[in-house]
Amino acid sequence: MNFIPVILWSDALVFLLLSAGGVGVWHIRRHPHLLLPWQRVAQSSMAMVSLLLLSVFLLIGGLDTLHFREALPNQSGSYSPEVLSVLDKLLGKLKSQTEKTYSAPFATTLYAKETYTDAAGQVRRDYPKLRYGGAHLTDLSAQNSDMAWRSMQGGAAGLLLGGLLIVAFRGFGNNVGAQFIARFTPQKNHRAINCAPTNMSNFTPTIIAFLLLCILLGILANLATVYHVLGTDKVGQDVLYLSLKSIRTGLIIGTVTTLVTLPLALFLGIAAGYFRGWVDDVIQYIYTVLSSIPSVLLIAAAVLMMQITIDTHPQWFDTAASRADLRLVFLCLILGMTSWTGLCRLLRGETLKLREMEYIQAAQSFGVPHLRILTRHIVPNVMHIILISLVMDFSGLVLAEAVLSYVGVGVDPSMMSFGTMINAARLEMGREPMVWWTLAAAFSFMLVLVLAANLFADAVRDAFDPRLNRSG
């Protein structure tokens, strides 16, 4: 084989989340009352546009999660110690075309003057020409016209591809949806689901946003083949490549952390609200004490202890990527252990209210076991709170990673993330001339990701809030 697949710990957790999400979608499609709130979400143009942007980030993160090691040339059975991803192969040019040092976005020369010897043997002090950025230009004065022409080419290609995808979706989407419903939905529910025909006019803003996104991606892809669209950093790496690689780290921090947060908050919150008494007192004492400790100090102490353990056991890791990945997984674990208290409080309060409902008291009077009451009556009625909280906490966790990496207790320095980019830009902002594009790129990508997540979370909250949907 020319490569060998590699599954890191974070990859395995992502696959676990995807499997759980697939089971959840299958379960929701079988129950119309669970499908109804998501239909409300689909009717929101803002929610669908936000979901479209999130899907692009998820696609990039998914491609960066498929890892492998390439075989060494002329060495049978030996593989490179470098762990690559599918995204690395797709962005091969961006990764390999490194310059000497800083260069501004779309620049054809380095950002600072240097003393060098030209082809005629004369010593000059000027801005050296880049090795890759704009290297195809024979006349630098034609750069603007070249960028305009390549932008039109990329935009037209993106628009064409987007139009073809929309036509394909409209042509085959209804048939696929009908087959899916016929296969996974009970017969008695077919009429209830099919009675609401799809109105494509509701998706007009989403279609426009999709076409604009395709045009933007087409322009970006065509320009990135010959220019450094977002410039380069201190060691000459393409900032666009660093930004795209940072997406996976932010998504893992925002999603994998829920594997720790959810079980703790669900079990302890429901137990405190349902059993009350000494159980409630103990659980309240635990999360009150935990909430009283400054979270940054607690996370910093845990990360430093973890780092010492990793540094003293190098034999645990066969590659540098596995070492950095383990630190990322432990960071998710630490964030989950310190961020479950808010959801636990909400679930405790909701369970205290549900416990006094007539059907719960009737079940207790008839001797129904506590476990059955919890699984059949309590948990289904608090799922909307869990879903809303997890979606709204996603953006907070993404920002938390940036802050922790900025102060030096986040992900491994060798792992690309928005926090490490911001930390590197901290010193660059104070030099003369100022290097601003690394910070601007990290800020822009984080802004789009967090803003899309927040807008989608608002739509989910409105759709699942019974006070806003009593008529449904």
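Each remark here, short or long, concerns the structure printed above.
What you see is a predicted model, and the numbers here were worked out from it, not measured in a lab. (Residues numbered from 1 in each chain as written. Predicted model: local features only at pLDDT ≥ 70, side-chain atom pairs only at ≥ 80, totals over all residues. Heavy atoms only, no water.)

Caption draft 1: Structural detail: the overall build of the chain. Of the regular secondary structure elements, the chain holds 18 helices and five strands. When its C-alpha atoms are laid out on the principal axes, the chain stretches across 100 × 60 × 50 Å. Across the 472 residues that make up the chain, the buried fraction comes to 40%. Pairs at least 24 residues apart make up 71% of the contacts formed inside the chain by residues separated by at least 6 positions. As displayed, the chain offers around 25600 Å² of accessible surface, 66% of which is attributable to carbon and sulfur atoms. (Helix = DSSP H or I, 4+ residues; strand = E, 2+ residues; numbered from the N terminus. Buried < 20%, exposed > 50% of the residue type's maximum accessible area, 1.4 Å probe, protein only. Contact = heavy atoms within 4.5 Å. Areas by Shrake-Rupley, 256 points an atom, 1.4 Å probe, with all protein chains shown as cover.)

Caption draft 2: Geometry of the sheet that holds strand S2 (residues 67-70). Strands sit in the order S1-S2-S3 across an open sheet of three strands; the sheet is antiparallel. Each edge of the open sheet is held by one strand with a lone partner, namely strand S1 (3-6) and strand S3 (84-85). Judged from the two bridges that link them, S2 and S3 form a sheet pairing that is antiparallel. Paired with phenylalanine 68 across the two strands is leucine 84, which belongs to S3. (Pairing = 2+ DSSP bridges.)

Caption draft 3: Structural context of the pattern of salt bridges. Tallied over the full model, the rule gives 14 salt bridges. The shortest N-O distance in the salt bridge between arginine 348 and aspartate 280 comes to 2.7 Å. Residue arginine 348 is found in helix H14 (residues 341-355), and its partner aspartate 280 is found in helix H11 (residues 277-292); the two are separated by 68 residues along the sequence. Taken individually, arginine 348 and aspartate 280 each receive the classification buried, so the pair is uniform in this respect. Notably, a salt bridge pairs aspartate 311 with arginine 323, separated by 2.5 Å at the nearest N-O pair. Here the residue aspartate 311 occupies a position in helix H12 (residues 295-311), and arginine 323 occupies one in helix H13 (residues 320-338), the gap between them amounting to twelve residues. (Salt bridge = Lys/Arg side-chain N within 4 Å of Asp/Glu carboxyl O.)

Caption draft 4: Looking closely at the layout of surface pockets. Put simply, the second largest pocket is a space of about 1200 Å³. Every residue lining the second largest pocket is counted, 38 residues in all, and those nearest its centre are Val56, Ile60, Leu217, Leu220 and Leu244. Contributing elements (two or more residues each) for the lining of the second largest pocket: helix H3 (45-63), helix H4 (86-90), helix H5 (92-96), helix H6 (143-184), helix H8 (204-224), helix H9 (239-256) and helix H18 (437-464). In terms of residue count, the dominant contributor to the lining of the second largest pocket is H8 (eleven residues). Taken together, the residues that form the lining of the second largest pocket break down as 31 nonpolar, six polar and one charged. (1 Å grid on protein atoms, 1.4 Å probe; cavity = no way out; pocket = protein on both sides within 12 Å on 5 of 7 lines; lining within 4 Å. Points joined across faces, edges and corners; volume = space filled by probe spheres on them. Nonpolar A, V, L, I, M, F, W, Y, C, P; charged D, E, K, R; others polar.)

Caption draft 5: Examining the pairing of strand S5 (residues 123-126) more closely. In this sheet, S5 lies alongside strand S4 (residues 114-117) in antiparallel orientation, the contact comprising four bridges. Directly across from threonine 117, in S5, lies its bridge partner valine 123. Counting the residues between successive antiparallel strands, the hairpin from S4 to S5 contains five residues, one of them, glycine 121, with a positive phi of roughly 85°.

Caption draft 6: Looking closely at the side chain of aspartate 325. Inspection of the secondary structure assignment puts aspartate 325 in helix H13. Here aspartate 325 falls in the buried class, since its relative accessible area comes to 1%. One polar contact links the side chain of aspartate 325 to the main-chain amide nitrogen of tryptophan 9, over a distance of 3.0 Å. A polar contact of 2.2 Å, which involves the side chain of aspartate 325, links it to the side chain of serine 10. Aspartate 325 has contacts with Leu8, Trp9, Ser10, Arg248 and Met415, leaving out every residue within four places of it along the chain. (Polar contact = N/O pair within 3.5 Å; in protein donor to acceptor, adjacent residues only side chain to side chain.)

Caption draft 7: Highlighting unusual backbone geometry. Of note, phenylalanine 106 is a non-glycine position whose phi angle comes to about 65°, a positive value. Of note in the backbone geometry, arginine 276 takes a positive phi value of approximately 50° without being a glycine. Checked against the element boundaries, arginine 276 lands in the loop between helix H10 (258-275) and H11. You can call arginine 276 partly exposed: its relative accessible area is 34%.

Caption draft 8: Structural view of a nonpolar patch on the surface. Side chains of Trp278, Val282, Tyr285, Ile286, Val289 and Ile293 sit close together on the surface and give an oily, nonpolar patch of about 630 Å² of accessible area. Relative to the elements of secondary structure, tyrosine 285 occurs in helix H11. (Patch = residues over 30% accessible without salt bridge, like charges linked within 9 Å, V, L, I, M, F, W, Y side chains within 5 Å.)

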